[in-house]
Amino acid sequence: MYQEISSNIRKSYALLFVFFVVVALLGYALGAFYGDPYVGLTLALIISFFYTLFSFFAGDSLILNINGARPATKKEFPYLVNTVEGLAIAAGIQTPRIFVIDDTAINAFATGRSPERAAITVTTGCLQRLNRQELEGVVAHEMAHIKNYDIRYMMLVVMLVGITLLLSDILLRSLFYGGGRRDRGK
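Residues numbered from 1 in each chain as written. Predicted model: local features only at pLDDT ≥ 70, side-chain atom pairs only at ≥ 80, totals over all residues. Heavy atoms only, no water.

A. Layout of the overall build of the chain. A tally of helices and strands in the chain yields 6 helices and 4 strands. Walking the chain from its N terminus toward its C terminus, one meets helices and strands in the order α-α-β-α-β-β-β-α-α-α. Its C-alpha atoms give the chain a radius of gyration of 21 Å, more than 25% over the compact-globule value 16 Å for 186 residues. Counting only C-alpha atoms, the chain reaches 70 × 35 × 20 Å along its principal axes. For the chain, buried positions account for 41% of its 186 residues. Look at the contacts in the chain between residues 6 or more apart in sequence, and 62% of them connect residues 24 or more apart. As displayed, the chain has an accessible area near 10,700 Å², and 63% of this comes from carbon and sulfur atoms. Distance from the positive charge centre (17 side chains) to the negative charge centre (14 side chains) of the chain: 6 Å. (Helix = DSSP H or I, 4+ residues; strand = E, 2+ residues; numbered from the N terminus. Rg over C-alpha atoms; globule rule 2.2 N^0.38 Å. Buried < 20%, exposed > 50% of the residue type's maximum accessible area, 1.4 Å probe, protein only. Contact = heavy atoms within 4.5 Å. Areas by Shrake-Rupley, 256 points an atom, 1.4 Å probe, with all protein chains shown as cover. Lys, Arg positive; Asp, Glu negative; His and termini not counted. Charge placed at Lys NZ, Arg CZ, Asp CG, Glu CD.)

B. A nonpolar patch on the surface, seen in detail. Taken together, the side chains of Phe-17, Val-18, Val-21, Val-22 and Leu-25 present a nonpolar region at the surface, about 460 Å² in accessible area. When you line up the elements, Val-21 lands in helix H1 (residues 2–33). (Patch = residues over 30% accessible without salt bridge, like charges linked within 9 Å, V, L, I, M, F, W, Y side chains within 5 Å. Salt bridge = Lys/Arg side-chain N within 4 Å of Asp/Glu carboxyl O.)

C. View of the pairing of strand E3 (residues 108–112). Across the 5 residues of E3, 5 count as buried, placing the element largely inside the fold. Of the two faces of E3, the one carrying Ala-108, Ala-110 and Gly-112 and the one carrying Phe-109 and Thr-111 are both buried. Summarising the sheet, E3 and strand E4 (residues 118–123) pair through 5 bridges and their orientation is antiparallel. Bridged to Phe-109 within E4 is Thr-121. The turn joining E3 and E4, which pair antiparallel and follow one another in sequence, is formed by 5 residues. (Pairing = 2+ DSSP bridges.)

D. View of unusual backbone geometry. Backbone geometry places Tyr-149, a non-glycine residue, at a positive phi of 65°. Within the secondary structure, Tyr-149 is located in the loop between helix H5 (132–147) and helix H6 (150–184).

E. Layout of the packing of helix H3 (residues 78–91) against H5. Relative to each other, H3 and H5 sit at 45°, their axes nearing to 10 Å. Between H3 and H5, the angle is such that the two are oblique. By crossing handedness, the relation of H3 to H5 is classed as right-handed. In this structure, H3 contributes Tyr-79, Leu-80, Thr-83, Val-84, Leu-87, Ala-88 and Ala-91 to the contact, and H5 contributes Arg-132, Leu-135, Glu-136, Val-139, Ala-140, Met-143 and Lys-147. Looking at the contact of H3 with H5 residue by residue, the class counts come to 10 nonpolar, 1 polar and 3 charged. (Axes fitted to C-alpha atoms, helices over the stretch in contact; angles between N-to-C directions. Parallel < 35°, antiparallel > 145°, perpendicular 65-115°, else oblique. Left-handed = near helix turned anticlockwise from the far one by under 90°. Nonpolar A, V, L, I, M, F, W, Y, C, P; charged D, E, K, R; others polar.)

F. Highlighting the pattern of salt bridges. Counting across every chain of the model gives 4 salt bridges. Across the salt bridge formed by Asp-102 and Arg-70, the nearest N and O atoms sit 2.9 Å from each other. Separated by 32 residues along the polypeptide, Asp-102 in the loop between strand E2 (97–101) and E3 and Arg-70 in strand E1 (residues 70–71) bring together distant segments of the chain. For Asp-102, a relative accessible area of 53% translates into the label exposed. On the basis of relative accessible area, Arg-70 is assigned to the partly exposed category, the value being 25%. Note that Glu-85 is salt-bridged to Lys-74, the shortest N-O span being 3.5 Å. Within this pair, whereas Glu-85 is found in helix H3, its partner Lys-74 is found in the loop between E1 and H3, the two being separated by 11 residues in sequence. Exposure remark for Glu-85: the relative accessible area of 28% places this residue in the partly exposed category.

G. The sheet that holds E2, seen in detail. Taken in spatial order, the 4 strands make up an open sheet running E1-E2-E4-E3, and their pairing is mixed. Unpaired on one side and paired on the other, E1 and E3 mark the two borders of the sheet. Two strands pair when backbone bridges link them, and E1 and E2 are joined in this way by 2 bridges, in the antiparallel orientation. Bridged to Arg-70 within E2 is Val-100. Contacts from helix H2 (residues 37–66) reach E2, E3 and E4 within the one sheet, and its direction differs from that of E3 by about 150°.

Shown next as structure tokens:
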């Protein structure tokens, strides 16, 4: 288990390094297209730095909000809350925040940057259609993601892919739509 945790932490740092290299290249290319590659490089690195900070510290909240997750109360979902609390004790981690998404699909996920800042989310379809053992298995699976720091790595992947796609799209649109204007000015 400790090897998995160490591996995921190393992967997170490697991902951040690769991300900054890709963003630097995209920024340099975009800057070169507009006449000053170093301005593009600087702007891309500044934007990516702040986006990375935002992703790391607020990515879990953003993911929960985008999916329409709402907090699960012990009054409304007593078995789910008790299951998560019991499995957290068994796993030796702090009880994660618990959320529910109103959706008929059977689905669940964990998110956060660490076991202390984690959240487990399940759909109402999962709660309605799975028996107790199946639900416990799903929650235990998500708990394993939390304990192994898979949640940090996957959250970073999703958020960093998003900014890379955004910068790539800007570059491609600049090349496609800006190309004709540059030729006419000569």
